[in-house]
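# Topology and contacts: notes
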Amino acid sequence: MVLYSQEELASSTDISKQFGHYLSSVSSGAIEKLAILKNNKIEAVMIPASFYESLMSLLEEKEDVEILKSVQNRLQTPKEDYIDGNTVLRELNLSLDN
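Below: a short report on this structure.

Turning next to the pattern of salt bridges. Oppositely charged side chains may form a pair once their charged atoms are brought near each other. For the structure on display, the rule yields 4 salt bridges. Here the salt bridges do not stand alone but share partners, grouping E8, E32 and K33 into one network.

The following block contains the structure:
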């Protein structure tokens, strides 16, 4: 669970009235993040672009690791456990023919 200080919370109404102020506060690092509230519920979080880019990079790296693990597991599958592609197509009632 992410915790927010009082200055890291703003209503959507306040954001619409003072967008430049809040954007500047986040961009300059005066505040780390800004939770945007609608009906007292967090609807979105504003973070610096560099932080967002770092998060996306980490997510891509995590996905790459998961793919690598999957490939490594498949490489451990004995050849006698392989299933021929045509067999799979037949079992699924599919065909490569039009």
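Right, let's talk about a negative patch on the surface for a bit. Together, E60, E61, E63 and D64 line one region of the surface with negative charge. As for its position among the elements, E61 is in helix 3 (residues 49-75).

Relative to the helices and strands, E43 is located in strand 3 (residues 41-46). According to the relative accessible area criterion, E43 is partly exposed, its value standing at 48%. Separated by 32 residues in sequence, E43 and S11 place their C-alpha atoms 9.7 Å apart. Those residues in contact with E43 that lie beyond four places of it in its chain are I36 and K38.

What follows deals with the environment of E32. By the secondary structure assignment, E32 is in the loop between helix 2 (19-28) and strand 2 (34-38). For the pair E32 and E8, spaced 24 residues apart in sequence, the C-alpha to C-alpha distance is 7.8 Å. Residue contacts for E32: discarding those within four places in its chain leaves E8, I47 and P48.

Another point: helix 2. Taken together, the buried positions of helix 2 are occupied by Y22, S25 and V26. When helix 2 is viewed along its axis, its buried side chains cluster within an angular range of 90 degrees and face the same direction. Opposite the packed face of helix 2, turned more than 90 degrees from it, sit the exposed residues S27 and S28. Looking one or two residues past helix 2, G29 carries a phi angle of roughly 90 degrees, positive in sign.

Across the sheet, 3 strands lie side by side as 1-2-3; this open sheet has mixed pairing. What marks the edges here is a single partner per strand, and that holds for strand 1 (9-11) and strand 3. Sheet twist, expressed as the mean angle between neighbouring strand axes with direction ignored, is 35 degrees. Of the strands in this sheet, strand 1, strand 2 and strand 3 touch helix 2, which is tilted by about 60 degrees from strand 3.

The rules behind the values
Residues numbered from 1 in each chain as written. Predicted model: local features only at pLDDT ≥ 70, side-chain atom pairs only at ≥ 80, totals over all residues. Heavy atoms only, no water. Salt bridge = Lys/Arg side-chain N within 4 Å of Asp/Glu carboxyl O. Patch = residues over 30% accessible without salt bridge, like charges linked within 9 Å, V, L, I, M, F, W, Y side chains within 5 Å. Areas by Shrake-Rupley, 256 points an atom, 1.4 Å probe, with all protein chains shown as cover. Lys, Arg positive; Asp, Glu negative; His and termini not counted. Charge placed at Lys NZ, Arg CZ, Asp CG, Glu CD. Helix = DSSP H or I, 4+ residues; strand = E, 2+ residues; numbered from the N terminus. Buried < 20%, exposed > 50% of the residue type's maximum accessible area, 1.4 Å probe, protein only. Contact = heavy atoms within 4.5 Å. Arc of directions from axis to C-beta. Pairing = 2+ DSSP bridges. Axes fitted to C-alpha atoms, helices over the stretch in contact; angles between N-to-C directions.

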